[in-house]
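# Breakdown of the fold
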Amino acid sequence: MLFPVLRSTNNWLDNSFNDFFNDGWLAKARATAPSVNVKENEHEYEVEVAAPGMTKDDFHLNISDEGCLVINMEHKSDQKDENKEGHYLRREFSYTSFRQALTLPDDVQTEQIQAKVENGVLRVVLPRKAEEQKVQRKIEVV
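Small disclaimer: the values here were computed from a predicted structure and weren't measured. (Residues numbered from 1 in each chain as written. Predicted model: local features only at pLDDT ≥ 70, side-chain atom pairs only at ≥ 80, totals over all residues. Heavy atoms only, no water.)

### Here's the deal with the overall build of the chain
If you tally the helices and strands in the chain, you get one helix and seven strands. The linear arrangement of helices and strands in the chain, starting from the amino end, is α-β-β-β-β-β-β-β. Taking all 142 residues of the chain together, 20% fall into the buried category. Within the chain, counting contacts between residues at least 6 apart in sequence, those at least 24 apart form 47% of the total. Put simply, the chain shows about 12400 Å² of open surface, and 48% of that area lies on carbon and sulfur atoms. (Helix = DSSP H or I, 4+ residues; strand = E, 2+ residues; numbered from the N terminus. Buried < 20%, exposed > 50% of the residue type's maximum accessible area, 1.4 Å probe, protein only. Contact = heavy atoms within 4.5 Å. Areas by Shrake-Rupley, 256 points an atom, 1.4 Å probe, with all protein chains shown as cover.)

### A look at the pattern of salt bridges
Evaluation of the coordinates by the stated rule reveals six salt bridges. Among the ionic pairs, arginine 123 bridges to glutamate 46, the shortest N-O distance being 2.8 Å. Remark: glutamate 46 occurs in strand 2 (residues 44-50) and arginine 123 occurs in strand 7 (residues 121-127); sequence separation between them is 77 residues. A relative accessible area of 37% means that arginine 123 is categorised as partly exposed. Where arginine 128 meets aspartate 107, a salt bridge forms, and the shortest distance between an N and an O atom there is 2.8 Å. Pair noted here: arginine 128 is in the segment after strand 7 and aspartate 107 is in the loop between strand 5 (93-103) and strand 6 (114-118), with a separation of 21 residues, a long-range link. Among the charged side chains, a salt-bridge network with shared partners connects Lys39, Glu46, Glu48 and Arg123. (Salt bridge = Lys/Arg side-chain N within 4 Å of Asp/Glu carboxyl O.)

### Concerning the confidence of the model for the chain
Confidence along the chain averages 77 in pLDDT terms, with 65% of residues attaining 70 or more. With pLDDT under 50 throughout, residues 1-13 is counted as low confidence; its partners more than four residues away or in other chains account for one contact. (pLDDT = per-residue confidence, 0-100.)

Okay, structure coming up:
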């Protein structure tokens, strides 16, 4: 046979899109948790969470009954295209959800914790309690 057999299909576009999107060509966005940094100095601990595109309304922080700092992040995004000339072959909606619980050290002043979102980073400052002065003294046995 000189000519290959051509297969006729009505859904060639669907197959092409499905092959492209399902074969790992595109990594799923937000499939992993955001990066978290924890720093400390003599006065405080600082937790940084990478959160590009997030606002303060996307975050909910609390201290759990177990003494953990719980960071919840939830962001919904609807990418709308107002082009009335055609119809969607594929449309992506974005939803990001993240929850991280960090056990707090005993020397954190939980009532003084502050959080702020700036330049795509959630920054949580955990002030440390002043170090107690250890007093050495001789105890007389009577």
